[in-house]
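Architecture at a glance
Residues per chain, in single letters:
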Amino acid sequence: MTQRLPIYDIEQELIDRLKTDRRLILSAPTGSGKSTQVPQMLLRHNFLREGQVVILQPRRLAARLLAARVAEELGVTLGQEVGYQIRFENVTSPKTRIRFVTEGVLLRQMIDDPRLRGVSALIFDEFHERHLYGDITLARALDLQEQQRPDLNLVVMSATLNADLLANYLKPCATLSSGGRTFPVDHEYAATPGYTDKRPVWEQAADAFSRYVHGGGEGDVLVFMPGGFEISQTLEAIRHTPEAKGFMLLPLHGELSPKDQDAAVARYERRKVVVATNVAETSLTIDGVRLVIDSGLARIPRYDSNRGINTLLIERISQSSSDQRAGRAGRTAPGVCMRLWSREEHGHRPLQELPEVQRLDLSEVVLTLKAAGVRDLRKFRWLEAPDEQSLAHAETLLADLGALDRHGALTPIGRQMLAFPLHPRYARMLLAAQAYGCVYQAALAAALTQGRDLLLRNMDRDTQSLREDLLGDKSTSDFWMLMRAWTYAVKHEFRLDACRKLGIHAVTARQVGPLLEQFLRIAGREGLDVQPREVPDEALQKCLLIGFSDRVARRLDQGTLRCDLVHQRRGVLARESAVQKSPLLVVAEIREIESRDKEMNTLLSLATAVEASWLAELFPEDMESEMQVQFDPTTKRVQAAELLKFRGLALSARRVEPPPADAAARLLAEQVSAGNLTLKDWDDSVEQWIVRLNRLAQWCPELALPPIADDDRRHLIEQLCHGAYGYKDIKEREVKPVVKSWLSGAQHELLNRHAPERLSLPNGRTPKVIYSPGNPPHIALRIQELYDVNQTPRIAMGRVPVVVHILTPGMKPIQVTQDLAGFWREHYPRIKSELQRKYPRHLWR
Ligand code: ADP
Ligand code: MG
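My aim in this report is to walk through the structure given alongside it, one point at a time. (Residues numbered from 1 in each chain as written. Chains lettered and ligands numbered in written order. Predicted model: local features only at pLDDT ≥ 70, side-chain atom pairs only at ≥ 80, totals over all residues. Heavy atoms only, no water.)

Turning our eyes to something else, we now look at the sheet that holds strand β12 (residues 272-276). With respect to topology, six strands assemble into an open sheet ordered β9-β16-β13-β10-β12-β11, the strand pairing being parallel. Two strands in the sheet have a free side with no partner beyond their single neighbour: β9 (185-190) and β11 (248-252). Across this sheet, the average inter-strand angle for adjacent strands is 15 degrees, counted without regard to direction. Taken together, the five bridges between strand β10 (residues 220-224) and strand β13 (residues 289-294) define a ladder with parallel strand orientation. When the sheet's bridge partners are listed, V223 is paired in β13 with I293. Running at roughly 145 degrees to strand β16 (residues 335-342), helix α10 (residues 319-327) makes contact with β9, β10, β13 and β16 of the sheet. (Pairing = 2+ DSSP bridges. Helix = DSSP H or I, 4+ residues; strand = E, 2+ residues; numbered from the N terminus. Axes fitted to C-alpha atoms, helices over the stretch in contact; angles between N-to-C directions. Contact = heavy atoms within 4.5 Å.)

This is how it looks when you write it as structure tokens:
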């Protein structure tokens, strides 16, 4: 019978192309025989030689069922020639030739053996779903094939394909497609949008079922629901309809026992209703289905950047997913698909889901890739690259967890974390908990935060105080509150009324137990001590700190809830947090919310108190102390404090007295230079001396005098301020000796000779020379004082004429000249009589 599957129409072509290219893209509708037949073809045509074919599947349930099916077709025992390996389970043997795997199994194998010995072919199944591990493992496989294993066969399979993107990525590579056989499917929509019908979705599904059967509809029925809970509710609702008589009612989802899973896909004489998760969308084929009832919902994994974890919340599926689901009704004969949402709403749904690489937290895969030797993630051959921010975020987190060192390379702790198929935060927390004897509590803390919020927010005052009365007020961590709330819910058997009284989300509480057990199982397998025992509060607080050390916060003051966080972020502590007194805390939840005035606020919740000494104890390399020296304009003094910082977050400040002398001098000098403080002794004569020096250095470079540039001036002021801590100390300081010490005795003599303070004129007068940075030097004298001075005086080895400002006896300017001889000869005779008349009592020659 398998011989008649559509995939066999292209068997020969598939074999030929793979032989030449070693790569192949295969696109064929669900049910064509891709997953079960292609591995067998590779085996039959000797592509495997002595080795294995490994098929990467997005879903654990599908991996197991497909392996079982192939084992049955080959007539062998599951786990022998055909096996499967999923996150927590390995059903293979040394004889295994066909192995179905999920998630990181293949990637981890590549880390252990980079040549992937014993594997001859890799098949990437359901590639259209664009699971994170599919994308990444394919990239690694292409590298491997190009560099070390040209003999490795690679097949990428999918029910629908973005063929261009993929063909380009895999080039050179052929794309084969097989049409398969499908029958038309009629689509029926609900009259009103799904969300306006307030009845539970399972009741709506049961109605659709009744209508169909009542109207004479034939064949088996497949119902899509988001998860285990909705599936059991649906089965219950259908069981109560009169139309269900004679039908077998079967659930199909990942949490069922293998026996129940097998039962759902088995064939029966009687008609059946299978209620499944999206595993039946394309991964598994259920034969004989003529009616599909689609809730239009699925649990979609997504990264919640607010909480910094991946979530699995119920969301509306894309149009393309719902088309796949509908297609399940038309495999063997024309069928019907009833959608429990309106046609109008359908048009508003997204066409496609985003690939996981663009919507999930990357820290776990970044950790795995680093372990696989990928140094630069930006140069990784992404099919579609994630955005830079989520890569950077993953790297920072891993560094903070101690999994990567400063150069981005994997640390021994990072390698150890890989043993846990958990998010790195929790892997790190559980590893740490071993040392503190609180693995059980750490696993419970992890389980309490995976689903929706256990405690509803914004409760009224009564509920709030009732909650406090019953749950206690242990104020070192909000996790105590969560744990007590969960214990309370367990004690009341998750009864809605009891839970509602305290604002506990009963459905979330119910999910905690199984998660806890799962985490404990993994930890136990890794050799951790999972026995519950009493430990000091501090133990768990420290573990939380280790898992969330990138979220350490410090209260800015006790009056408000504002906090500074590490890595230069800010936030506000949630009002309902029990940790109201500790100045230092670590938060497990960060949410961006928009306030009423449209500003983004960062709300910090699920807080735990921590001690600064723990930070120093646990993260010695991330502590830094920084001396902060400042000039205080009010006291006009320099003040110093030593800041203790953790990853950029200031933890404490200690006053340092006296402040470091160099820094104090520098800060005071800055104030002096800026003109905010004045030194009494730094007068005009000091400025003149500096200008004289600088000008002479310019005019006569051969004298090699050192000018005082701006920097030198600052340096001199700094020297003047040395040993001072406030204005009081420098105000009266003697300046001249310090400034003049700039020159040696011999240099002083040169300065006095070539750029003298005063000139000696032939008539015995000694006028003061005024130097300025931009203009020539000058003297100013009344005309009588210039008698007998016939030549313009010169300085700087005769290179620079001194400008003469000639004044009347009444000190009014007559002329400014650099040519004194010319003045006496030509100008003076013309003005002499006029001057004589004006100043008759003076001597005129
Ligand atoms: P594809 O991967 O192309 O969707 P499969 O290889 O999964 O196709 O399935 C091919 C066919 O094999 C299906 O149409 C179905 O008839 C049959 N089949 C697969 N698995 C089972 C099973 N567990 N029980 C019964 N029939 C199965
Ligand atoms: Mg398949």
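After presenting the structure, the write-up continues.
So, on to the packing of aromatic side chains. Following the criterion strictly, the structure yields ten aromatic pairs and no others. Members of the aromatic cluster, each reached through a chain of ring pairs, are Y787, F823, W824 and Y828. When the ring centre of W341 is taken as reference, the NZ or CZ atom of R349 above it lies at 4.2 Å. When the ring centre of F619 is taken as origin, the NZ or CZ atom of R647, which lies over that ring, is 4.9 Å away. (Phe/Tyr/Trp six-rings, centres within 6.5 Å; stacked < 30°, edge-to-face > 60°. Lys NZ or Arg CZ within 6 Å of the ring centre and 35° of its normal.)

What follows deals with the site of ligand 1. In the neighbourhood of ligand 1, 16 residues make up the surrounding shell, with G31, S35, T36, D287 and R331 lying closest. Within the side chain of D287, an N or O atom sits 2.7 Å from an oxygen atom of ligand 1. Here ligand 1 has 560 Å² of accessible area as a free molecule, and 93% of this is covered by the chains. Every element with two or more residues in the shell around ligand 1 is listed here: α2 (34-44) and α3 (60-74). Among the elements that line the shell around ligand 1, the one with the most residues is α2, at three residues. A per-class count over the shell around ligand 1 returns four nonpolar, seven polar and five charged. (Near = heavy atom within 4 Å. Polar contact = N/O pair within 3.5 Å; in protein donor to acceptor, adjacent residues only side chain to side chain. Areas by Shrake-Rupley, 256 points an atom, 1.4 Å probe, with all protein chains shown as cover. Nonpolar A, V, L, I, M, F, W, Y, C, P; charged D, E, K, R; others polar.)

Relative to the helices and strands, L362 is located in the loop between α11 (343-348) and α12 (363-371). Judged by its relative accessible area of 1%, L362 is buried. Residues L362 and L693, spaced 331 residues apart in sequence, show a C-alpha to C-alpha distance of 66 Å. When sequence neighbours within four positions are dropped, the list of residues in contact with L362 reads L132, V357, P386, S390, L391 and A394. (Buried < 20%, exposed > 50% of the residue type's maximum accessible area, 1.4 Å probe, protein only.)

Moving on: the sheet that holds strand β29 (residues 813-817). With mixed pairing, three strands are arranged side by side in an open sheet as β25-β28-β29. Edge positions in the sheet fall to β25 (778-782) and β29, since each of these pairs with one other strand and no more. Here the average twist between neighbouring strands, direction ignored, is 15 degrees. Strand direction decides the pairing type here: β25 and strand β28 (residues 803-807), joined by five bridges, are parallel. The partner of A780 across the bridge, within β28, is H805.

This paragraph deals with the nonpolar core. Note on soluble globular proteins: their nonpolar side chains tend to be buried together. In this structure, L122, F124, L138, L170, W486, I504 and L615 are the most contacted members of the largest nonpolar core, which totals 118 residues. When residues of this core are assigned to their parent elements, the largest contribution, nine residues, is made by helix α18 (residues 478-491). The residues touching L122, leaving out its near neighbours within four places in the chain, are V54, L106, M110, L116, A141, L152, N153, L154 and V155. Among the nonpolar cores identified, the runner-up in size contains 64 residues, and A665, W699, I795 and A796 belong to it. (Core = buried A, V, L, I, M, F, W, Y, C linked by side-chain atoms within 4.5 Å.)

Each neighbour pair has its own omega, and for K171 with P172 the value is -5 degrees, a cis peptide bond. Here P172 is to be found in the loop between α6 (163-170) and β8 (174-177). Following E657, the chain continues to P658 via a peptide bond in cis, the omega torsion being -5 degrees. Along the chain, P658 turns up in the loop between β24 (649-656) and α23 (661-673). The phi dihedral of N46 is positive, around 60 degrees, even though this residue is not glycine. Secondary-structure assignment places N46 in the loop between α2 and β2 (52-57).

Okay, the environment of I831 next. By the element assignment, I831 lies in helix α29 (residues 820-838). Residues I831 and A205 lie 626 residues apart in sequence; the distance between their C-alpha atoms is 120 Å. With near-sequence residues (within four places) excluded, I831 lies in contact with I814 and F823.

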